[in-house]
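# Observations on chain architecture
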Amino acid sequence: MTYMRPFRIGDRITIADKTGVVIEKSPLVTRLRTIKNEEITIPNSSVLSGNTVNYSTFSEDGICFQVELTVGYEEPWQRIHELLLNIPPRIKRVNLNPAPFVLQKKLDDFYVLYELNVYIAKSVEIELAKSEIFQSILDDFLAAGIEMNGPHIFANVDHVQQYNPKMPNSSYNN
């Protein structure tokens, strides 16, 4: 690690599935502080044997992160792209230059896996921005009557509409 210098104290990194700000680097361990203020100790042997992603060393464009969702084949991909691309301008943390983009990542048995890619200036705000994007996806897709599904999740929009006070004609409002 002395020669590789993959990160410094204060950098926001991911090692394996742990993400946080580096608060200590010693010969034996690296310590991270997570967004939830948890302190994680990772043996340097794990650091050396795995991949490290450093979010603090990105270009002037910011760092690109992704949000995935799955939607059935009955919905036209153009409609899904339109709905997803209407979300980033409403999220203050997200940069609009470079422009957000959508990829279709997988055609599975019952659904298409979509990936919304957006740029952000402050890597420490990625999790908060993801949460805001997920909230918008839920609101927008439910309002549009689009069911999101996956291998273990099948949301019945008609059932959800009964109890969603934001949706027109909801029995919750009656």
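Above this note sits the structure.
Quantities reported herein were computed from a predicted structural model and do not represent experimental measurements.

### Quick word on the overall build of the protein
Helix and strand counts for the protein stand at four helices and nine strands. Taking the contacts inside the protein whose residues are at least 6 apart along the sequence as the reference set, 54% of them involve residues at least 24 apart. Accessible surface, the protein as shown: approximately 10800 Å² in total, 52% of it carbon and sulfur.

### A look at the layout of surface pockets
Put simply, the largest pocket is a space of about 240 Å³. Lining the largest pocket are 14 residues, with Arg12, Thr19, Thr34, Ile35 and Lys36 sitting closest to its centre. Of the residues forming the lining of the largest pocket, the biggest block, four residues, is contributed by strand 2 (residues 18-25). Counted by class, the lining of the largest pocket contains four nonpolar, three polar and seven charged residues.

### Re the sheet that holds strand 5 (residues 52-54)
Across the sheet, which stays open at both edges, the five strands sit in the order 4-3-2-1-5 with antiparallel pairing between neighbours. Edge positions in the sheet fall to strand 4 (39-43) and strand 5, since each has one partner strand and no second. Taken over all neighbouring pairs, the strand axes of this sheet differ in orientation by 40° on average, direction set aside.

### Side note on the nonpolar core
With 25 residues, the main nonpolar core has Leu84, Ile133, Ile137 and Phe141 as its most contacted residues. When contributions to this core are tallied by element, the ones reaching two or more residues are strand 6 (63-72), helix 2 (77-85), strand 9 (111-120) and helix 3 (126-143). When residues no more than four places from it in sequence are discounted, the contact partners of Phe141 are Leu69, Val71, Ile80, Leu83, Leu84, Ile146 and Met148. By size, the runner-up hydrophobic cluster in this structure holds eight residues, among which are Val22, Ile40, Ile42 and Val47.

### Quick word on the pattern of salt bridges
Across all of its chains, the model carries nine salt bridges by this definition. With a shortest N-O distance of 2.9 Å, Arg79 and Glu75 are connected by a salt bridge. A salt bridge links Glu125 to Arg93, with the nearest nitrogen and oxygen atoms 3.5 Å apart. Of this pair, Glu125 sits in the loop between strand 9 and helix 3 while Arg93 sits in the loop between helix 2 and strand 7 (94-95), placing them 32 residues apart in sequence. One network of salt bridges, with partners in common, ties together Arg93, Glu125 and Glu132.

### A closer look at the environment of Glu132
Assignment of secondary structure puts Glu132 in helix 3. Taking the C-alpha atoms as reference points, Glu132 and Lys92, separated by 40 residues in sequence, lie 9.5 Å from one another. Sequence-distant contacts of Glu132, that is, excluding residues within four places in its chain, are made with Ile91 and Arg93.

### Considerations on helix 2
Within helix 2, burial applies to Ile80, His81, Leu83 and Leu84. Looking straight down helix 2, one finds its buried side chains confined to an arc of 165°; they lie on one side. Buried residues in helix 2 make contact with strand 6, strand 8 (101-107), strand 9 and helix 3.

### Here we look at the side chain of Asn117
Checked against the element boundaries, Asn117 lands in strand 9. Engagement of the side chain of Asn117 in a polar contact is seen with the side chain of Glu115, the distance being 3.1 Å. The residues contacting Asn117, other than those within four sequence positions of it, are Cys64, Phe65, Gln66, Pro100, Phe101 and Leu103.

### Here we look at helix 3
The terminal C-alpha atoms of helix 3, which comprises 18 residues, lie 25 Å apart, in line with the 26 Å expected from a rise of 1.5 Å per residue. All of the buried residues along helix 3 are Ile126, Ala129, Ile133, Ser136, Ile137, Asp140, Phe141 and Leu142. Downstream of helix 3 by a residue or two, Gly145 has a phi angle that is positive, lying close to 75°.

Rules and cut-offs
- Residues numbered from 1 in each chain as written.
- Predicted model: local features only at pLDDT ≥ 70, side-chain atom pairs only at ≥ 80, totals over all residues.
- Heavy atoms only, no water.
- Helix = DSSP H or I, 4+ residues; strand = E, 2+ residues; numbered from the N terminus.
- Contact = heavy atoms within 4.5 Å.
- Areas by Shrake-Rupley, 256 points an atom, 1.4 Å probe, with all protein chains shown as cover.
- 1 Å grid on protein atoms, 1.4 Å probe; cavity = no way out; pocket = protein on both sides within 12 Å on 5 of 7 lines; lining within 4 Å.
- Points joined across faces, edges and corners; volume = space filled by probe spheres on them.
- Nonpolar A, V, L, I, M, F, W, Y, C, P; charged D, E, K, R; others polar.
- Pairing = 2+ DSSP bridges.
- Axes fitted to C-alpha atoms, helices over the stretch in contact; angles between N-to-C directions.
- Core = buried A, V, L, I, M, F, W, Y, C linked by side-chain atoms within 4.5 Å.
- Buried < 20%, exposed > 50% of the residue type's maximum accessible area, 1.4 Å probe, protein only.
- Salt bridge = Lys/Arg side-chain N within 4 Å of Asp/Glu carboxyl O.
- Arc of directions from axis to C-beta.
- Polar contact = N/O pair within 3.5 Å; in protein donor to acceptor, adjacent residues only side chain to side chain.
- Expected span 1.5 Å × (residues − 1).

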